[in-house]
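Single-letter residue listing:
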Amino acid sequence: MTSTVVVLDAAHPEGVLADPAVPLVRIDDQGLTRGDGVFESLRAVDGRVQKFAVHHRRLSASARLAQLPVPSAQELRQAVELGLAHAAPGGDGGLGAEHSVKVVVSRGTPEAGPWSWVAVSPVPESTFRQRREGVSAVLLPRGHDPAQDAGYPWLLPGAKTLSYAINMAALRHARSLGADEAIFTAPGGRVLEGATSSVVCARVHEGVRTLVTPEPSHGILPGTTQATIFDAARRDGWELGHGPLQSADLLAADAVWLVSSVRLAVPVHRLDAHPLPVDPELTRLVTDWVARA
Ligand code: PLP
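Residues numbered from 1 in each chain as written. Predicted model: local features only at pLDDT ≥ 70, side-chain atom pairs only at ≥ 80, totals over all residues. Heavy atoms only, no water.

Stated precisely, the cut-off is as follows: UniProt positions are given in the numbering used here, feature names are shortened, and annotations may be inferred rather than shown by experiment.
An unreviewed UniProt entry lists the chain under the name 4-amino-4-deoxychorismate lyase, from Kocuria turfanensis. Quoted verbatim from the Sequence similarities (unreviewed entry) field of the UniProt record, the comment on the chain reads "Belongs to the class-IV pyridoxal-phosphate-dependent aminotransferase family."

**Concerning the overall build of the chain**
For clarity, the threshold we go by: Numbering of helices and strands runs from the N terminus, with a helix taken as a DSSP run of H or I at least four residues long and a strand as a DSSP run of E at least two residues long. With the radius of gyration taken over C-alpha atoms, the globule rule is written as 2.2 Å times the number of residues to the power 0.38. When a residue's accessible area, from a 1.4 Å probe over protein chains only, is under 20% of the maximum for its type it is buried; when over 50% it is exposed; and in between it is partly exposed.
Within the chain one finds eight helices and 16 strands. In summary, the chain has a C-alpha radius of gyration of 19 Å against a globular reference of 19 Å for 293 residues, a match within 12%. Along the first, second and third principal axes, the C-alpha set of the chain runs to 60 × 40 × 35 Å. When the 293 residues of the chain are sorted by exposure, 50% land in the buried category.

**Quick look at the environment of R190**
As a reminder of what qualifies: Note on definitions: a residue-residue contact is assigned when non-hydrogen atoms from the two residues lie within 4.5 Å. Each polar contact in these results corresponds to two N or O atoms within 3.5 Å; when the atoms are within protein, one needs to be able to donate a hydrogen and the other to accept it, and residues that are neighboring in sequence are counted only if both atoms are side-chain atoms.
Mapping R190 onto the fold places it in the loop between strand 9 (181–185) and strand 10 (191–194). Apart from the residues lying within four places of it in its own chain, the contact partners of R190 are D145, A147, F184, T185, H218, P244, L245 and Q246. A polar side-chain atom of R190 sits 3.0 Å from a polar atom in the side chain of D145.

**So, the site of the ligand**
Formally: Nearness is judged by heavy atoms alone; a residue qualifies as near a molecule or strand once a single heavy atom is within 4 Å of it. Computed with the Shrake-Rupley method and a 1.4 Å probe, the accessible areas treat only the protein chains shown as cover for residues. Note on residue classes: Ala, Val, Leu, Ile, Met, Phe, Trp, Tyr, Cys and Pro are nonpolar, Asp, Glu, Lys and Arg are charged, and everything else, Gly too, is polar.
In the vicinity of the ligand there are 16 residues, among which K160, Y164, T224, T225 and S261 approach most closely. Here a nitrogen atom of the ligand sits 2.9 Å away from a polar atom, N or O, in the side chain of E193. Contact with the protein chains covers 94% of the free accessible surface of the ligand, which is 390 Å². Residue assignment for the shell around the ligand shows that the elements contributing at least two residues are strand 10, helix 6 (224–235) and strand 14 (255–260). Of the residues that constitute the shell around the ligand, the class distribution is four nonpolar, nine polar and three charged.

**Things to note about the packing of helix 6 against helix 8 (residues 280–291)**
Selection criterion: Here an angle of 0 to 180 degrees is reported between the N-to-C directions of two axes, which are lines fitted to C-alpha atoms, with helices fitted over the stretch in contact. By definition in this entry, angles of less than 35 degrees are roughly parallel, angles greater than 145 are roughly antiparallel, angles of 65 to 115 are roughly perpendicular, and the rest are oblique.
In contact at an axis separation of 9 Å, helix 6 and helix 8 are set at 110° when each is read in the N-to-C sense. When the interaxial angle is binned, helix 6 and helix 8 end up roughly perpendicular. Contacts between helix 6 and helix 8 involve T225, T228, I229, A232 and A233 on the former and, on the latter, V286, W289 and V290. Taken together, the residues of the contact of helix 6 with helix 8 sort by class into six nonpolar, two polar and no charged.

Right, here's the structure in full:
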C-alpha cells in the first residue's frame, strides 16, 4: 500500500511531509509497544475529506479520556490537506477517487512524549468489492457488556484507541469460521457493533420505513457514519430506533449493513448460518446519504 505520511509539528503548523524512506516510529513508542494512543479513520473523495468536524470532535473526546493532547482542528485539517495533495491517485470504485485518511495520536516515547501523524492511502479494491458484493458475518460474544464500563474512565469507554488487537482477533476468528466479518454481542445476545463498524438494519413494514442501530452510548463506539445515515433518514421521513437489537431482529430485518467511514454501507448477506435479504436499492439509498456527506 502506498501511504503518504504527514507529521504534525508545532513548529510547522502546516505539517511536515515524512520521507517514506526514513524510519519514523521509535522502537519504544508506546503507541507501538502498548497500543497506547487514539486514532480516527476518515474518507476523502476527490481530494476532499468528509465529516472532518465530527471526526475531530470524536478524536478530541478519545484523547481527553486517554489524557492525550489533540491537534487543533486547523492544524489537523492542514496536515490532512497536505497529505491528500501528495497522495498516490485515489482508488476508484465508481464514486470518485477515494482515499482513507488515518489520524493517530500516540503516547510516543517516555522521553519525547505524545505526537501525531496523518497517513493517506488509496482505498483498496477489496473495499469496493465488499460494497458491491456484501459480506457474511458471525456473531461473537464480547465477553462482557461494555455498557458496564461507562462509569470507569480508565476503561476508556467509547474511546477509539489504538488497542484493536481484540477486534483483529475477532476478525481472524470470523475468517476461520468461513465468514468475512464479526459482530460482537453482549451477554444475553444484545447486538453491539462490528469489529470495525457499526450495525444498522432496516425494516419496511406497511409503508413505515425504520432504521435501527444499537444504542451508541452503551459502551460501543459512537459511529459517525451511522449518525450521518440517521440524520439523512430522519430528513427523508424514516422512523429511527436505537436498540436494543437482538440477533432475531437482524434475522427479521429487510436489510442489514455494516457501516463505517471508509467502507460506507456494506450489506450483510449471511449471519451465522442464516441468509439475510439484500436490497440493492436500499443499499444505494443509504450509500448516497454517506458517499457525499
Ligand atoms: N465501531 C468500531 C469498533 C469501529 O472501529 C468503527 C470504525 O472504525 C465504527 C464503529 C464506525 O465508526 P465510523 O462510522 O465513525 O467510521
